Amino acid sequence: MIKQGSLNAYPINSQQNKNNIILEKILGELKKAEDVKASMVDRIEQLWNEDLRLPQELITYEVLINKSS
């Protein structure tokens with residue numbers, strides 16, 4: 001999602017919650033994963049700090065098929 005959606009980040013609207021505890025847990029898990037690059041974690045933190053989000057709707061069936069082949 002980071003690679004696909006970084007160009008299409010959307011502002012977080014006022015009705016969406018940002019939970020720092022959840023973010024830290026997710027970032028901790030990502031940092032432990034061998035296949036996650038530090039630049040991806042940095043980008044997630046940057047988006048968070050800029051109040052931007054990557055809607056999961058950006059990842060379409062076609063994108064998933066292309067990534068798996």
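Sequence order as written defines residue numbering, which begins from 1 separately in each chain. Confidence filtering applies because this is a predicted model: local features only for residues at pLDDT of at least 70, side-chain atom pairs given and counted only at 80 or more, and all residues used for totals across whole chains, interfaces and linings. Water and hydrogen atoms were dropped before computing side-chain values, which therefore reflect all heavy atoms in the structure.

(A) Structural view of the overall build of the protein chain. Of regular secondary structure, the protein chain possesses four helices and two strands. Overall, the protein chain shows an N-to-C arrangement of helices and strands of α-β-α-α-β-α. Any residue under 20% of the maximum accessible area for its type is buried, any over 50% is exposed, and the rest in between are partly exposed; the area is computed with a 1.4 Å probe on protein chains only. For the protein chain, the proportion of its 69 residues judged to be buried stands at 17%. Sequence-distant contacts in the protein chain: of pairs separated by 6 or more residues, those separated by 24 or more amount to 79%. In short, Shrake-Rupley with a 1.4 Å probe defines the accessible areas, and a residue's cover is counted only from the protein chains shown. Here the protein chain displays about 5,600 Å² of accessible surface, and carbon together with sulfur accounts for 51% of that area. Under the DSSP-based scheme used, a helix requires at least four consecutive residues in state H or I and a strand at least two consecutive residues in state E, with every element numbered from the N terminus. Contacts between residues were defined by any pair of non-hydrogen atoms, one from each residue, lying within 4.5 Å.

(B) Structural context of the pattern of salt bridges. Salt bridge criterion: a side-chain nitrogen from Lys or Arg within 4 Å of a carboxyl oxygen from Asp or Glu. For the coordinates displayed, the defined rule picks out two salt bridges. A salt bridge links Lys18 to Asp51; the shortest N-O distance between them is 2.5 Å. Taken as a pair, Lys18 in the loop between β1 (10-11) and α2 (20-32) and Asp51 in the loop between α3 (38-49) and β2 (52-53) lie far apart in primary sequence, 33 residues in all. Here Lys18 falls in the partly exposed class, since its relative accessible area comes to 33%. The residue Glu29 makes a salt bridge to Lys32 at a minimum N-O spacing of 3.2 Å. Residue Glu29 and its partner Lys32 are located together in helix α2, separated by three residues, close to a single helical turn. Look at Lys32 and you get exposed, because its relative accessible area is 61%.

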